[in-house]
Amino acid sequence: MTPDPISLNLPGRVAAPLAYSGWWVTGVLFWFFERRDLYVRFHAAQALVVFGSIGLMVTLLAGLAATSLLFMPNAFRFWVWTAGLFWCAGLVLWLVAIWQSATGRLWRIPIAAEIADRMCS
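Residues numbered from 1 in each chain as written. Predicted model: local features only at pLDDT ≥ 70, side-chain atom pairs only at ≥ 80, totals over all residues. Heavy atoms only, no water.

**Focus: the side chain of threonine 26**
Next, step 1: Its location among the elements puts threonine 26 in helix H2 (residues 24-33).
Next, step 2: Judged by relative accessible area, threonine 26 falls into the buried class, the value being 15%.
Next, step 3: Polar contacts involving the side chain of threonine 26 include one to the main-chain carbonyl oxygen of leucine 18, which spans 3.5 Å.
Next, step 4: Here glycine 22 takes part through its backbone nitrogen, which lies 2.8 Å from a polar atom of the side chain of threonine 26. (Helix = DSSP H or I, 4+ residues; strand = E, 2+ residues; numbered from the N terminus. Buried < 20%, exposed > 50% of the residue type's maximum accessible area, 1.4 Å probe, protein only. Polar contact = N/O pair within 3.5 Å; in protein donor to acceptor, adjacent residues only side chain to side chain.)

**Details of the pattern of salt bridges**
Next, step 1: All told, the structure shown has one salt bridge when counted by the stated rule.
Next, step 2: The partner of aspartate 117 in a salt bridge is arginine 108, with the nearest N and O atoms 2.5 Å apart.
Next, step 3: The class for arginine 108 is partly exposed, based on a relative accessible area of 37%. (Salt bridge = Lys/Arg side-chain N within 4 Å of Asp/Glu carboxyl O.)

**Quick word on the nonpolar core**
Next, step 1: Membership of the largest hydrophobic core is limited to twelve residues, which are Tyr20, Trp23, Ala47, Val49, Val50, Phe51, Ile54, Val58, Trp94, Ala97, Ile109 and Ala112.
Next, step 2: Listing elements by their share of this core, those giving two or more residues are helix H3 (38-71) and helix H4 (76-102).
Next, step 3: In this structure, alanine 47 is in contact with Ala19, Tyr20, Trp23, Trp24, Gly27 and Gly52, ignoring residues within four places of it in sequence.
Next, step 4: Among the nonpolar cores identified, the runner-up in size contains seven residues, and Ala16, Ala19, Phe30 and Tyr39 belong to it. (Core = buried A, V, L, I, M, F, W, Y, C linked by side-chain atoms within 4.5 Å. Contact = heavy atoms within 4.5 Å.)

**Digging into the environment of phenylalanine 33**
Next, step 1: Considering the arrangement of structural elements, one finds phenylalanine 33 in helix H2.
Next, step 2: Judged by its relative accessible area of 35%, phenylalanine 33 falls in the partly exposed class.
Next, step 3: For the pair phenylalanine 33 and leucine 8, spaced 25 residues apart in sequence, the C-alpha separation works out to 6.9 Å.

Written as structure tokens, this is what we have:
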């Protein structure tokens, strides 16, 4: 006898926006704990891929900014601005993703959607 798959028992139009709410962290949690609703799993996987990548890029760029202080102080401002632009773009994308998933649309972010599909199958 196999146990039922884990499910959060939340409607998809509630759980999918919540999967985006904490960027990649809630994406991981919802992807791991929701096993039945493919709509929620897809959005959770997409949140993990997109916002994990953006978070990684911002961290990398901030590290480059800090390192540039030691070797090329003039490049510091460039790296900080680049990290800030990535963060702002991520914030806009985050708001759009929450809105699209709350309205029940299967909004597919290019490249990340294909990866999310593979994660959900």
